[in-house]
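Here's the letter readout for the chains.
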Amino acid sequence: MKNIYQIRREVLFSKLPESSLVIICGYQQKIRSKNITYHFRQDNDFLYLTGFDEPDAVAILAADKSMESGFNYTLLCRPKDPGQEVSFGARAGVEGAISNFDADDAFDIAKLQEVVLSKLADHQHIYISDELNRFSAQVVGWLNHQRATTPFDTIKHFRTLTPLAKFLHPMRVIKSDEEIMLIKAAVAASVDAHKAVMQACKPGINEALLSATFDFTLSKHSCTDVAYPNIVASGNNACCLHYEENRCTAKDGQMLLVDAGGELNHYASDITRSYPVNGKFTEAQKHIYQLVLHALDSAIAKVKPGTHWNVLYETCMEVMAKGLFELGFLSGSIEEIMESQSYKRFTVHKTGHWLGMDVHDVGPYHDSDGNWRTLEPGMVFTIEPGIYIPSDATDLPQEYRGMGIRIEDDILVTEEGCENLSADVPRTIEEIQTLMMS
């Protein structure tokens, strides 16, 4: 029985023309200091197609009509090294690449150029996935090698080079049942972690301790990493969209924005909640919070197969613009506000993105004609409207300043409509105050 990686490779290769060769580059280990490395995380495209989670590896898929799959799968990786493995962990080695990872052939990564040149001989269409441009300088030389090293009267090969992402990234937009299961597990872990942070939050607590509370709770669910650095932003810090310092003291009367998601087996979650540090909303905080929540729920209500992607953003903007107008934060008629987009002063970002192996997952938001893509079952994405009123907005009432409110849920498109995977993290004012006061 074929495993998921074999199936993905075959689906990918079926989309390519005859005489194709695919080069997929994994990541290398990164040095933190001297011989201390950062925790290794594999390139997602590489892992998606191979399941191989060691540094310094390259996979090659080369059209071969003698193979049942239609191509030969070669994996180049680090060889076995008992000395290095004692210090830094076991390696699959060349033998393990074949026996454990289903490669047809395997070689020492040191032979990469030799293997690539030999594979190129009979292939005209070359596709490469090299996110960090490890081999950008060499690849043109590889393609030109045959013309530069053969006699003048030999038939010359003029090969095309295309980014593999053109074919691979659209595949990753629609999640399989196995992928959805992993995303749901990562979300479930993050739901508990967000609840724990809500219950731990109080005036005088440091953002760093709340961030650590999130990580500690994730670890109870077998999550060994977060999908992105935790954002735990009190007061005006929340007006910085990717605030990561997490070292200020949360104060009485402030709002706290927590944007954090666990990762499980390379699949991400991404949830944001905003609430008062002391557990009790002021009237001003209620106004903005309820407006953002209404925008989120209005957009979620539009999610179903066939809806165009841009409808979700436009729905959020319409709701928030109207609410900001009613609060007196925007001037002019609603029509003038929407046409001028003056609401962008307070709504400074888009309101969602694909979710999967990358927290901002890959894949197009438009079809081949440049039109907004329509939603399909199996898509997973976030919806995350926000309103940000920095402390220097001196033209607005004092009670609204220094506040950033974003609410973000993870949404799965189903055959009938959608499922809010993160709905169990308290969302309404009443739910939040009840949990925080419990």
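Coordinates for the structure precede this section.
All values derive from a computational prediction rather than experimental measurement.

A. Region of interest: the overall build of the protein. Broken down by element type, the protein carries 13 helices and 19 strands. Oriented by its inertia axes, the alpha-carbon framework of the protein measures out at about 80 × 55 × 40 Å. Within the protein, buried positions represent 51% of all 438 residues. For the protein, the exposed area adds up to about 20,300 Å²; of that, 52% sits on carbon and sulfur atoms. If you average the places of the 40 positive and of the 60 negative side-chain charges in the protein, the two averages end up 3 Å apart.

B. Inspection of the pairing of strand 15 (residues 380-383) at higher detail. Burial along strand 15 is two-sided: the face carrying Val-380 and Thr-382 and the face carrying Phe-381 and Ile-383 are both buried. In terms of strand pairing, strand 15 meets strand 18 (residues 409-413) through four bridges, oriented antiparallel. Its bridge partner being in strand 18, Phe-381 is matched across the sheet by Ile-411.

C. Representation of the nonpolar core in the model. In this structure, Tyr-275, Ile-288, Phe-381, Ile-383, Ile-387 and Ile-389 are the most contacted members of the largest nonpolar core, which totals 108 residues. When sequence neighbours within four positions are dropped, the list of residues in contact with Tyr-275 reads Val-197, Met-198, Cys-201, Gln-254, Met-255, Leu-256, Val-258, Phe-281, Ile-432 and Met-436. If you look at the next biggest cluster of nonpolar residues, it comprises 18 residues, including Ala-62, Leu-120, Ile-128 and Val-139.

D. Expanded view of the packing of aromatic side chains. What the rule picks out here adds up to 12 aromatic pairs. Arranged with centres 4.9 Å apart and planes meeting at 75 degrees, the rings of Phe-52 and Phe-101 form a pair that is edge-to-face. Here the residue Phe-52 occupies a position in the loop between helix 2 (44-50) and strand 4 (58-63), and Phe-101 occupies one in the loop between helix 4 (93-99) and strand 6 (105-108), the gap between them amounting to 49 residues. Judged by its relative accessible area of 22%, Phe-101 is partly exposed. Here the aromatic rings of Trp-309 and Phe-381 are separated by 5.2 Å at their centres, their planes lie at 85 degrees, and the arrangement is edge-to-face. Taken as a pair, Trp-309 in helix 11 (residues 309-326) and Phe-381 in strand 15 lie far apart in primary sequence, 72 residues in all. Stacked on the ring of Tyr-73, the Lys or Arg Arg-9 has its end atom at 3.9 Å from the ring centre. The ring of Tyr-313 has Lys-350 sitting right over it, with the charged end atom 4.2 Å from the ring centre.

About the thresholds
Residues numbered from 1 in each chain as written. Predicted model: local features only at pLDDT ≥ 70, side-chain atom pairs only at ≥ 80, totals over all residues. Heavy atoms only, no water. Helix = DSSP H or I, 4+ residues; strand = E, 2+ residues; numbered from the N terminus. Buried < 20%, exposed > 50% of the residue type's maximum accessible area, 1.4 Å probe, protein only. Areas by Shrake-Rupley, 256 points an atom, 1.4 Å probe, with all protein chains shown as cover. Lys, Arg positive; Asp, Glu negative; His and termini not counted. Charge placed at Lys NZ, Arg CZ, Asp CG, Glu CD. Pairing = 2+ DSSP bridges. Core = buried A, V, L, I, M, F, W, Y, C linked by side-chain atoms within 4.5 Å. Contact = heavy atoms within 4.5 Å. Phe/Tyr/Trp six-rings, centres within 6.5 Å; stacked < 30°, edge-to-face > 60°. Lys NZ or Arg CZ within 6 Å of the ring centre and 35° of its normal.

Read these as geometric descriptors, not functional statements.
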